[in-house]
Amino acid sequence: MKNLLGFVSFVLIVGGINGLLVDHLWGLHIFGFVRYLVPADHRTAGYFVLIAIGALLAAATALLDRREGEGRTRRDSGD
């Protein structure tokens, strides 16, 4: 589950940043399918929302990772 969340957060963050760069500067769509997640009339705001959702998923993944790490240390220490 952590691997899937990590991958999805990576795709959303990189796709959102890439979409902003393509919209305002120049560039090539790295994850071209991400542009279909954003409405055509609200591209800039949509890409910011994708970045925010990706950051939230990354934070959730880190929290899951930390909780699993704490669980191992408690079991290993014999508490």
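Structure shown above.
Residues numbered from 1 in each chain as written. Predicted model: local features only at pLDDT ≥ 70, side-chain atom pairs only at ≥ 80, totals over all residues. Heavy atoms only, no water.

Draft legend 1. Looking closely at the overall build of the protein. Each helix and strand counted, the protein has two helices and zero strands in total. Residues counted as buried form 23% of the 79 residues belonging to the protein. Taking the contacts inside the protein whose residues are at least 6 apart along the sequence as the reference set, 56% of them involve residues at least 24 apart. When the accessible surface of the protein is split by element, carbon and sulfur atoms take 65% of a total near 5,800 Å². (Helix = DSSP H or I, 4+ residues; strand = E, 2+ residues; numbered from the N terminus. Buried < 20%, exposed > 50% of the residue type's maximum accessible area, 1.4 Å probe, protein only. Contact = heavy atoms within 4.5 Å. Areas by Shrake-Rupley, 256 points an atom, 1.4 Å probe, with all protein chains shown as cover.)

Draft legend 2. Representation of the pattern of salt bridges in the model. As enumerated under the stated definition, the model contains three salt bridges in all. Here Lys2 and Asp65 are joined by a salt bridge, their closest N and O atoms 3.1 Å apart. Note that Lys2 is positioned in helix α1 (residues 2–24) and Asp65 in helix α2 (residues 43–77), a separation of 63 residues in sequence. When its relative accessible area of 25% is taken as the criterion, Lys2 is described as partly exposed. Using a relative accessible area of 45% as the deciding quantity, one classes Asp65 as partly exposed. Each of Lys2, Asp65 and Glu68 takes part in a single network of salt bridges with overlapping partners. (Salt bridge = Lys/Arg side-chain N within 4 Å of Asp/Glu carboxyl O.)

Distances and angles like these do not, on their own, reveal function.
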